[in-house]
Amino acid sequence: MQDRTRVSSMDLKAHMNNLRKNPKFTEEILKLVESDLQYGLTIEETEMYTSKRFDYAQMKVYSTCLRNGYPEDVRDCITRDGLTGEQMAVALEFYEKGVPLKTVAEVTENSSHTAFMMKKLFQSIVSKVQAAGEAVQAQDDYAKDLLEQIKSVVEKIEFQEKRYDALNEKLKELQTAGQDAKIQNNLLSQLAEKDSMLEKQQNELNEARGTIARLRNEMDVIRKERDRLEKRTEEMEKEAVVNSNEAKQPEITMTDKKEETTHTVQAEIKQEAPVFPTFPGVGYNVAVLDGNGKVVSFMPVERMERKRERSTMSAIFSRLAFKKKIDIVKLVAEKDLEPKQLVQIRSAIEKGLSEDQLLVLINNQIPAEQMEEIINIAVYENKQKQEV
C-alpha cells in the first residue's frame, strides 16, 4: 500500500479558505472535505468529487468509496452520471453486502429507477441467489461455502432494511414539518385578520368618542344660552316691579266728537272729589272727566305690554329647558339590538345617563363591549359636571 502523508495544518487551512470563496460549497460540504483531509485523504482525492457537479449526498457516497479504498471502476459504477445521492447510496450498500459489481452496474445503468425500485431489484437478485444456494445445499463443500456467503449477504440486507425504515421515518418527519409550516401560515393569516378587525373597532371607538365630544360641546352651548335667558328674565321681572312702583296717574286726552274740540284733562283730585275706587288684578285706576272738570267714571288700566313681554320670554325658556320626552323602549325595539347591547342600555339608564347620551348609544349601533367603555366615560363626564 502506498504511504500516505497527512495534509499539514497550514495546507489544510489554505485549501479550506479557497473552497469557502466558492459560493456553491455549503457548510456541510466544507465539513465533509475537512473531515476527509483529517482522515487521511489527499487534496487531489477530495477534488475528485468537489470538481464534479455533485450535491452533498452524492459527495458523501463518493467520499465513502475513497475512504474504503475502492478502485476507480467501482467508484465510477456506483457514482455514475445521472444517479441521485439516494440511488448511489443504495448501490454502495448492496456492493458492500457482496453483490457483484457487474450486477450493480446492470441495476444502476437505468437511472430512471428510483432508490426504492433499485432496492427491490437488489433484494430480488439476492433472493434468487439464496434460492439457488438452497438447491445446491447438499452438494460439495464449495457450494456450502457459497451458501454461507449468500446467507451473510442476506443478513446484511435485513440489517440495512432497518436503516431504511429509520430513513423513512425521517422523511415522514420532514413531511410533517411541511404541514406544520402550512398551519403556521394559516395562523398568521388569521392573526392578520384579527389585527384588521381590532383596528376597525378602534376606529369605531374613536368616532364614538368624537360624537360624545361634539354632543358635549352642544350641551355646553345650550346650557350657556339657558343661563343667559334665565338671567335676562330675572332682570326683566325686576324692571317690571320697579316700573310698577314708580307708576303715576297719567294725563288722558279725550276728544269730543260732537263739538270737534280737544280738552286736556289733568288727573288731579281735589279734596272734595270722591275717593277713587280700586279694582283687583289691575295696575292702576284713571279718572275720566267731562268738559267742566267733573268726574264721570273710573277706568282700570292693566300693564299689558310688560305681561306679554314676560310671557314671551317664559315661553322661550320653557322650550329650551324642557324637551319632549322620548320613548326609549320604542326606540330600542326599532333598532333590533342584541341582548348584550340591551344589557348595556339598561345599565346606562340605571347609571343616570341623559337622553342625549342614550340616543348616541342606541342610534350608532355600537358593539356591547364598546358600549360599556362609553357608558363609563359618560358617567365620569356627568360626575365632573355635577362637581362644577
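Position numbers for residues start from 1 in each chain and track the written sequence from start to end. In keeping with the model being predicted, local features are shown solely for residues with a pLDDT of at least 70 and side-chain atom pairs are shown and tallied solely at 80 or more, while totals for entire chains, interfaces and linings include all residues. Based on all heavy atoms of the structure, the side-chain values leave hydrogens and waters out of the count.

A. Region of the structure containing a negative patch on the surface. Residues with no salt bridge and a relative accessible area higher than 30% make up the patches, which join like charges within 9 Å and nonpolar side chains (Val, Leu, Ile, Met, Phe, Trp, Tyr) within 5 Å. The method behind every accessible area is Shrake-Rupley, applied with a 1.4 Å probe, and residues are considered shielded solely by the protein chains displayed. Salt bridges are counted wherever a side-chain nitrogen of Lys or Arg sits within 4 Å of a carboxyl oxygen of Asp or Glu. Asp and Glu count as negative and Lys and Arg as positive, but His and the ends of the chain are not part of the count. We put the charge of a Lys on NZ, of an Arg on CZ, of an Asp on CG and of a Glu on CD. Taken together, the side chains of D336, E338, E369, E372 and E373 define an acidic patch exposed on the protein surface. Here a strand is any run of E in DSSP of at least two residues, a helix any run of H or I of at least four, and the numbering for each starts at the N terminus. When you line up the elements, E373 lands in helix 14 (residues 368–387). Three labels apply to residues, based on accessible area from a 1.4 Å probe with only protein chains included: buried if under 20% of the type maximum, exposed if over 50%, partly exposed otherwise in between. Residue classification places E373 among the partly exposed residues on the basis of a relative accessible area of 44%.

B. Structural detail: the nonpolar core. Buried Ala, Val, Leu, Ile, Met, Phe, Trp, Tyr and Cys residues that are joined via side-chain atoms within 4.5 Å together make up what is termed a nonpolar core. Ranked by size, the top nonpolar core spans 36 residues in total, and within it V33, Y49, M59, I78 and F122 carry the most contacts. Contacts of V33, omitting those with residues within four sequence positions, involve H15, M16, L19, T46, Y49 and T50. In terms of nonpolar packing, the next biggest core, distinct from the first, is built from 18 residues, A208, L337, L361 and I375 among them. The contact criterion used throughout is that any non-hydrogen atoms of two residues lie within 4.5 Å.

C. Quick peek at the packing of helix 11 (residues 328–335) against helix 13 (residues 355–363). Two numbers describe how helix 11 lies on helix 13: the axes approach to 10 Å, and their chain directions differ by 15°. On the basis of their axis angle, the class for helix 11 and helix 13 is roughly parallel. Between helix 11 and helix 13 lies a crossing whose hand is right-handed. Contact with helix 11, carried on its side by I328, L331, V332 and K335, involves L358, L359, I362 and N363 of helix 13 and no other residues of that element. Note on method: axes are straight lines fitted to C-alpha atoms, helices fitted across the in-contact stretch only, with angles between N-to-C directions ranging 0 to 180 degrees. Working rule for angles: under 35 degrees goes down as roughly parallel, over 145 as roughly antiparallel, 65 to 115 as roughly perpendicular, anything else as oblique. Whether a crossing is left-handed or right-handed is set by the direction in which the near helix is turned from the far one by less than a right angle, anticlockwise for left-handed and clockwise for right-handed.

D. Highlighting helix 1 (residues 9–20). For helix 1, which comprises 12 residues, the first-to-last C-alpha distance of 16 Å matches the rise-based estimate of 16 Å (1.5 Å per residue) to within 8%. Among all positions in helix 1, only L12, H15, M16 and L19 are buried. Within helix 1, the buried residues cover an arc of 100° as seen down the axis, which keeps them to one side. For helix 1, the exposed residues lying more than 90 degrees away from the buried face are M10 and K13. One less than the residue count of a helix, multiplied by 1.5 Å, gives the span that helix is expected to have. In this description, the arc belongs to the directions extending from the helix axis to the C-beta atoms.

E. Quick look at the side chain of D36. Counting through the fold element by element, D36 comes out in helix 2 (residues 27–39). Judged by relative accessible area, D36 falls into the buried class, the value being 0%. In the analysis that follows, any N or O atom pair within 3.5 Å is treated as a polar contact, provided that within protein one partner can donate a hydrogen and the other can accept it, and provided that, for residues neighboring in sequence, both atoms belong to side chains. Within the structure, the side chain of D36 is placed 2.8 Å from the side chain of R67, a separation counted as a polar contact. Not counting the four nearest positions on each side in its chain, D36 is found in contact with L41, T46, Y49, S63 and R67.

F. The arrangement of unusual backbone geometry in detail. Phi is positive for D336, which is not a glycine, with a value near 55°. With respect to the secondary-structure elements, D336 resides in the loop between helix 11 and helix 12 (339–350). Positive phi, normally seen in glycine, also occurs at Q365, with a value near 50°. Mapped onto the elements of the fold, Q365 is located in the loop between helix 13 and helix 14. Judged by its relative accessible area of 38%, Q365 is partly exposed.

G. Spotlight on empty space enclosed by the protein. Cavities and pockets were defined on a 1 Å grid built over protein atoms only: a cavity is a set of grid points that admits a 1.4 Å probe from which the probe cannot escape, a pocket is an open set flanked by protein on both sides within 12 Å along at least five of seven lines, and lining residues are those with an atom within 4 Å of any such point. Grid points are joined across faces, edges and corners, and a volume is the space filled by probe spheres set on the points. As enumerated under the stated definition, the model contains 1 cavity of 30 Å³ or more in all. A volume near 110 Å³ is recorded for the largest cavity. What lines the largest cavity is simply I212, L215, R216, M219, L353, Q357, V360, L361, I374, A378, E381 and K385. At the level of secondary structure, the elements contributing two or more residues to the lining of the largest cavity comprise helix 9 (141–245), helix 13 and helix 14. Looking at the lining of the largest cavity residue by residue, the class counts come to 8 nonpolar, 1 polar and 3 charged. Each residue is assigned to one class: nonpolar for Ala, Val, Leu, Ile, Met, Phe, Trp, Tyr, Cys and Pro, charged for Asp, Glu, Lys and Arg, and polar for all the others, Gly among them.

H. Inspection of the pattern of salt bridges at higher detail. Taken as a whole and assessed by the stated rule, the structure comprises 10 salt bridges. Linking E235 and R232 is a salt bridge whose minimum nitrogen-to-oxygen distance equals 3.6 Å. Of this pair, E235 and R232 both sit in helix 9, 3 residues apart, roughly one helical turn. Here K385 ties to E381 by a salt bridge, and the two come within 3.7 Å at their closest N and O atoms. Within this pair, K385 and its partner E381 are both found in helix 14, separated by 4 residues, close to a single helical turn. Overall, K385 belongs to the partly exposed group, its relative accessible area being 28%.

I. Molecular detail of the packing of aromatic side chains. Only Phe, Tyr and Trp rings take part, Trp by its six-membered ring, and two of them pair if their centres are within 6.5 Å. Stacked means planes under 30 degrees apart, edge-to-face means over 60, and tilted covers everything else. Tallied over the entire structure, the rule returns 3 aromatic pairs. Taken together, Y49, F54 and Y62 form an aromatic cluster joined through their ring pairs. Either the NZ atom of lysine or the CZ atom of arginine qualifies as a charge over a ring when it sits within 6 Å of the ring centre and within 35 degrees of the ring normal. The cationic tip of R67 hangs over the ring face of Y39; the distance from NZ or CZ to the ring centre is 4.3 Å. One cation-aromatic arrangement involves K97 over F94; the distance from NZ or CZ to the ring centre is 4.8 Å.

J. A nonpolar patch on the surface, seen in detail. Taken together, the side chains of L167, L171 and L174 make up a nonpolar region of the molecular surface, amounting to roughly 300 Å² of accessible area. For L171, the position within the fold is in helix 9. What makes L171 partly exposed here is its relative accessible area of 47%.

Geometric descriptors of this kind do not, in isolation, establish any biological role.
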